Amino acid sequence: MLAVHLVSFFFSKLQEDPTKKVDRFLYAMRIHDDQLTDISARFQAEMKKGLSAESNAAAAVKMLPTHVRSTPDGSEKGQFLALDLGGSKFKVLQVEVREGMGIRRGGVEMEEKTYSIPKELLNGKGTELFDHVSESLKDFLHEKNISLEKKHPLAFTFSFPCEQSTLNQGLLLNWSKNYRARGLQGKDVVQVLREAVDRTGGMDVEVLAMVNDTVATMMTCGFDDRYCEVGLIIGTGTNACYMEELRHVDLVEGDEGRMCVNTEWGAFGDDGALKDFITEFDRDVDAASNNPGKQLFEKMVSGMYLGELVRLVVLKMAKLGLLFDGHVSNALKTKGKITTAHVAAMEEYKNGLKNTRDILTELDLTPSPDDCIAVQHVSTIVSFRSSNLVAAGLAAILTRIKQNRNLRKLRITVGMDGTLYKMHPQYPKRLHKVVRRLLPECHVRFVLSDSGSSKGAALVAAVAQRLASQRRKVDETLSPFRLNQEQLQLVKARMRAGLEAGLKSKISSGIKMLPSFVYHTPDGTERGKYLALDLGGTNFRTLLVDFKKGLQQNSRLYHKIYTIPLEIMQGTGEELFDHIVQCISDFLDYMGMKNAHLPAGFTFSFPCEQTAIDTGTLVSWTKGYKATDCEGHDVVGMLREAIKRRNEFDLDIVAVVNDTVGTMMSCAYEDPQCEIGLIAGTGSNLCYMEELKNIEKTKQEEGKMEREEGTPERQGDMDDKIRRMCINTEWGGLGDDGSLDDIITPYDVEVDQNSVNAGKQRFEKLTSGMYLGEVVRQVLLDLTRGGLLFRGHVTEPLKTPGIFQTKYLSQIESDRLALLQVRSILQQLGLDSTCDDSIIVKEVCGAVSRRAAQLCGAGMAAVVDKMRENRGLDHLNITVGVDGALYKLHPHFSKVLQETTSVLAPQCDVTFLPSEEGSGKGAALITAVARQKQDM
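All figures in this text were calculated on a predicted structure; none of them were measured in a lab.

(A) A look at the overall build of the protein chain. When its secondary structure is counted, the protein chain shows 31 helices and 26 strands. Computed over C-alpha atoms, the radius of gyration of the protein chain comes to 39 Å, more than 25% over the 30 Å expected from 2.2 N^0.38 for 936 residues, which places it beyond the range of a compact globule. Along the first, second and third principal axes, the C-alpha atoms of the protein chain reach 125 × 70 × 50 Å. Looking at the 936 residues of the protein chain, the share that counts as buried comes to 59%. For the protein chain, the share of sequence-separated contacts (at least 6 apart) that also reach a separation of at least 24 residues comes to 72%. If you sum the accessible surface of the protein chain, you get close to 38500 Å²; carbon and sulfur atoms cover 48% of it. Looking at charge distribution, the protein chain has the averaged site of its 115 positive side-chain charges lying 5 Å from that of its 126 negative ones.

Below you can see the structure in the form of structure tokens.
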């Protein structure tokens, strides 16, 4: 009875606009933007599930890694064979990729031949199918007069779902497109191809890459447009791929760079994700298919099914009397009688209605003009739904890329292929319009693949070949920076020899081993207020330290920082020291202590020769200072004279110290075992407590020491540290005699020759922050000139000395930093980089900084082993106080330094303690210790 009422209702509507009638009937197929946004969000969730190792097995959308790690950059070259297997026919090609420095300048030439596949092979043995492919390949080589003796790289387009663990391996997951060849599911089809080639004989081919046709489409379009990072096929089947951040691809090791992921999005909805959008017609199509319950998204959108969907809708409307006066022909009842080509023809702009009448007439129907309009509208709704659903899926992919890269706006190109996209007159325009409406913040360009997937497969092979060649050349460039244990042991031995030589008074050594006249580290009894002055760069720091509670307790510290203007740094010595005294005066005013007569320590971080703890003769300026009439003069004397000139306050300058010594003392206040100070920052230096008997250049000072400390009998019960003195090694001079020439690279030589002190401080130039960035720049310049970076384009910034600061190494090597942020840093430097460029730059930074840390570790091992032997110990427990931005800010430097020290000095347990207050507090401690000993 209900059916009778429905028919009566529909008959009453026959006179209305035929399109409205169809709109009402196919209401469930009309998807609005809010629904598309919902579908897009669902697909994003499916992508995330497929990428996760935990949920991939249960995911409908498999998100298969392809091991394609780069799109073309225009420098690819070579001649390749290509096989393209994915339909009722397959192609064999010879593809020649011509090199061009930069995108669009290269070219691709192809010769091809199409071979048919007998139907019996589609459903026969898999080995027989591949034997046919192999024999056709040999036939092609004969026909094109291609040498059979020469080894030919081959690219294989295989347009079926495969799980890949490498670029040239793929396990067939399942057949599609009417293929049912037996015995291949779960097997590596590349190996099956190799075995078939062996059986055929007479050919020497190397399969470099196996790719899906979607990936090949992306690569083909990527050859002409470097923004192309998405491939989309809408044809007999449908699929999409895109470049995903490798850190999100759980099924592949590594987190640097990107990898193309084959989404296999045709299976979207197989787990019920689209159940509220699937109509009765979709269910009918699925039930009659070869794989019920599978590939539901593909069955809603692809060319294999659209015609059948239209037929089922028209058949149902006819049965209800809504079309053809209720007449249903046998042809209309026959599966496959309306094809997607018919759908495209019905929607042609000018001839669509005429084509519709002709198609319906061929189906033994007698359509009225309204029937033609209605059937044409059915086709429009079905194909429009297809383009809408594809747009929603593509919007999900583009949204993910945009979020991955943390972009406000995304510029990207989508490579397109497939008969539905190419042949349907309205489809591309509809798809483009909806995508841009869903993602207004994205600038999306659609590019049609001009040569299909065969060219793309060859380009995948060409890119793989380029990356392999690039990898070899980059490895060759960086191999001198990768020091082995034998080399590090030699550096340790040479450092030890340099330390010993520097302690001799009559032997000239690159390692100066300067006595500091600091005989004691803090013991916890220090008390009182001390002023500390710290000059070491563009800032001058004044501190007031009040020691109240002794060792391992917090001292009270007040400080203020003053800038040293460039004109003062490079003016006269008198102007410099007058400026320093003015800063001290301001600080004393600030603290309300202008009338106090305070003991002071002066941290002066420039090379000085000391003959006592309170004298220091400047050897040479560094760090941009050029103040006149200072070198060769006692800096403490110059400071005292400036205080007298100002005549506002008085200070008792008790000690002048190097920043390394100050760092050791500062950390020794926290840890009594701290007897080494290390600076790993702009400069590189180390100090340690040496046995006084080993310091020949201070033998004449022993009498003075005994007068200061008391007689040996008086000191009998005191700590034996009174027989030691802190030595400022100035170890940066190691190698000035050529002892490091076997590990110094041409890039180090270039940096040295362009420095203000060529031939000097060779070890420091390998290990310190002032030079590491410049070493990296020299390597990048060389790689770029060799065409391995930045598309071979040497920019002016890259040629500018000093532009690549060491802080960029710390930023670029951060584990938390995505490659997009690396690219951003490089772009700030005027270096327009690709993802591949960023990976190489990060690797260069890592090689240079790791070598620096290892060399410091080798030097440290020499020092701690010497101290252990000095003291006649089998095992030494000792703490190193450390300061400097390289140690504190670089993400890996400290770990590599510690590991190297541990390996090279296994009998020493070395603890590294970062300095909290720096060398300024250390200067106050030295002053306190010296004053305390004087008062004894």
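From this point on, the discussion continues.
(B) Representation of the side chain of aspartate 213 within the structure. Its place among the elements puts aspartate 213 in helix H7 (residues 213-222). There is a polar contact of 3.4 Å between the side chain of aspartate 213 and the side chain of serine 159. With near-sequence residues (within four places) excluded, aspartate 213 lies in contact with Thr157, Ser159, Lys177, Ile233 and Ser453.

(C) The arrangement of the sheet that holds strand E10 (residues 238-245) in detail. The strand order across the open sheet formed by six strands is E1-E11-E10-E9-E12-E13, and the pairing between neighbours is mixed. Only two strands of the sheet have a single neighbouring strand rather than two, namely strand E1 (64-65) and strand E13 (442-448). Here helix H13 (residues 369-404) sits on the sheet and contacts strand E9 (228-234), E10, strand E12 (410-417) and E13; the angle it forms with E10, its principal contact strand, is near 5 degrees.

(D) The arrangement of the packing of aromatic side chains in detail. Tallied over the entire structure, the rule returns 25 aromatic pairs. One aromatic cluster is present, built from ring pairs that chain together Phe130, Phe156, Phe158, Phe160, Trp175 and Tyr179. When the ring centre of tyrosine 590 is taken as reference, the NZ or CZ atom of lysine 560 above it lies at 4.5 Å.

(E) Structural view of the side chain of threonine 279. Tracing the chain through its elements places threonine 279 in the loop between strand E11 (258-262) and helix H8 (280-287). Accessibility expressed as a relative area gives 7% for threonine 279, which makes it buried. Sequence-distant contacts of threonine 279, that is, excluding residues within four places in its chain, are made with Ala28, Met29 and Arg385.

(F) Spotlight on the packing of H8 against helix H10 (residues 303-319). Close contact between H8 and H10 brings their axes to 10 Å; oriented N to C, the two are set at 120 degrees. Looking at the two axes, H8 sits oblique to H10. Where H8 crosses over H10, the handedness of that crossing is right-handed. Between H8 and H10, the residues in contact are Glu280, Phe281, Asp282, Asp284 and Val285 and Tyr305, Glu308, Leu309, Leu312, Val313 and Lys316, respectively. A per-class count over the contact of H8 with H10 returns six nonpolar, no polar and five charged.

(G) Layout of the environment of valine 848. Turning to its location among the elements, valine 848 is positioned in helix H28 (residues 835-870). Judged by relative accessible area, valine 848 falls into the buried class, the value being 0%. Valine 848 sits 597 residues away from leucine 251 along the chain, and the two C-alpha atoms are 31 Å apart. The contact partners of valine 848, leaving out residues within four places of it in the chain, are Phe481, Leu772, Val775 and Val776.

(H) Geometry of the packing of helix H5 (residues 126-143) against helix H6 (residues 189-200). In the contact formed by H5 and H6, the axes pass within 8 Å of each other and the chain directions differ by 60 degrees. As judged from the angle between their axes, H5 and H6 are oblique. Pair H5 / H6 crosses with right-handed handedness. The residues of H6 that touch H5, namely those facing Thr127, Phe130, Asp131, Val133, Ser134, Glu135 and Lys138, are Val189, Val192, Leu193, Ala196, Val197, Arg199 and Thr200.

(I) Main features of the confidence of the model for the protein chain. Averaged over every residue, the pLDDT of the protein chain is 88; the share at 70 or more is 92%. Averaged over each element, pLDDT in the protein chain is lowest for helix H1 (residues 2-12) (45) and highest for helix H30 (residues 893-904) (97). Predicted confidence for residues 1-14 stays below pLDDT 50, and this span has eight contacts to residues more than four positions away or in other chains. Scored below 50 in pLDDT, residues 101-105 makes 17 contacts in the model with residues more than four places away or belonging to other chains.

(J) Inspection of the sheet that holds strand E22 (residues 674-680) at higher detail. The strand order across the open sheet built from six strands is E14-E24-E23-E22-E25-E26, with neighbouring strands paired in mixed fashion. Across the chains shown, the open sheet's two edge strands, defined by having one partner strand only, are strand E14 (514-515) and strand E26 (908-914). Of the pairings in the sheet, the one linking strand E23 (residues 684-691) to strand E24 (residues 724-728) comprises five bridges and is antiparallel in character. Note that in E24 the partner of glutamate 691 across the bridge is arginine 724. On top of the sheet, H28 reaches E22, E23, strand E25 (876-883) and E26; it is set at about 5 degrees to E23, its chief contact.

(K) The arrangement of the nonpolar core in detail. Ranked by size, the top nonpolar core spans 112 residues in total, and within it Ile676, Tyr688, Phe804, Val841, Val844, Val864 and Phe893 carry the most contacts. The greatest single-element share of this core, amounting to 18 residues, is contributed by H28. In this structure, phenylalanine 804 is in contact with Gly773, Glu774, Val776, Arg777, Leu780, Leu809, Ile812, Leu826, Leu829, Val841 and Cys845, ignoring residues within four places of it in sequence. Counting residues in hydrophobic clusters, the runner-up holds 89 residues, among them Phe25, Phe268, Leu320 and Leu360.

(L) Region of the structure containing the pairing of E9. Within E9, seven of the seven residues are buried, which leaves it mostly tucked inside the rest of the structure. For E9 and E12, the ladder comprises five bridges, and the chain directions are parallel. For valine 230, the partnering residue across the bridge sits in E12 and is valine 414. Alignment of E9 against E10, held across five bridges, turns out to be antiparallel.

(M) The arrangement of the state of the cysteines in detail. For the coordinates displayed, the defined rule picks out zero disulfides. Cysteine 260 provides the cysteine sulfur closest to cysteine 162, a residue in no disulfide bond, and the two sulfurs are 14 Å apart. By relative accessible area, which is 5% here, cysteine 162 ends up buried.

(N) Seen up close, the environment of aspartate 578. Inspection of the secondary structure assignment puts aspartate 578 in helix H19 (residues 573-591). For aspartate 578, a relative accessible area of 28% gives the class partly exposed. Taking C-alpha positions, aspartate 578 is 8.1 Å from leucine 639, a pair spaced 61 residues apart along the chain. Setting aside chain neighbours within four positions, we find aspartate 578 in contact with Ala642 and Arg645.

(O) Up close: the pattern of salt bridges. Tallied over the entire structure, the rule returns 57 salt bridges. Residues glutamate 691 and arginine 871 are paired through a salt bridge, measuring 3.7 Å at the closest nitrogen-oxygen approach. Placement of glutamate 691 in strand E23 and of arginine 871 in the loop between H28 and E25 is noted, with a sequence separation of 180 residues between them. Residues glutamate 691 and arginine 871 agree in their burial class; the two are buried. Salt bridges sharing partners connect three or more residues here, namely Lys492, Arg496, Glu500, Glu690, Asp865, Lys866, Arg868 and Glu869.

Thresholds applied
- Residues numbered from 1 in each chain as written.
- Predicted model: local features only at pLDDT ≥ 70, side-chain atom pairs only at ≥ 80, totals over all residues.
- Heavy atoms only, no water.
- Helix = DSSP H or I, 4+ residues; strand = E, 2+ residues; numbered from the N terminus.
- Rg over C-alpha atoms; globule rule 2.2 N^0.38 Å.
- Buried < 20%, exposed > 50% of the residue type's maximum accessible area, 1.4 Å probe, protein only.
- Contact = heavy atoms within 4.5 Å.
- Areas by Shrake-Rupley, 256 points an atom, 1.4 Å probe, with all protein chains shown as cover.
- Lys, Arg positive; Asp, Glu negative; His and termini not counted.
- Charge placed at Lys NZ, Arg CZ, Asp CG, Glu CD.
- Polar contact = N/O pair within 3.5 Å; in protein donor to acceptor, adjacent residues only side chain to side chain.
- Pairing = 2+ DSSP bridges.
- Axes fitted to C-alpha atoms, helices over the stretch in contact; angles between N-to-C directions.
- Phe/Tyr/Trp six-rings, centres within 6.5 Å; stacked < 30°, edge-to-face > 60°.
- Lys NZ or Arg CZ within 6 Å of the ring centre and 35° of its normal.
- Parallel < 35°, antiparallel > 145°, perpendicular 65-115°, else oblique.
- Left-handed = near helix turned anticlockwise from the far one by under 90°.
- Nonpolar A, V, L, I, M, F, W, Y, C, P; charged D, E, K, R; others polar.
- pLDDT = per-residue confidence, 0-100.
- Core = buried A, V, L, I, M, F, W, Y, C linked by side-chain atoms within 4.5 Å.
- Disulfide = S-S within 2.5 Å.
- Salt bridge = Lys/Arg side-chain N within 4 Å of Asp/Glu carboxyl O.

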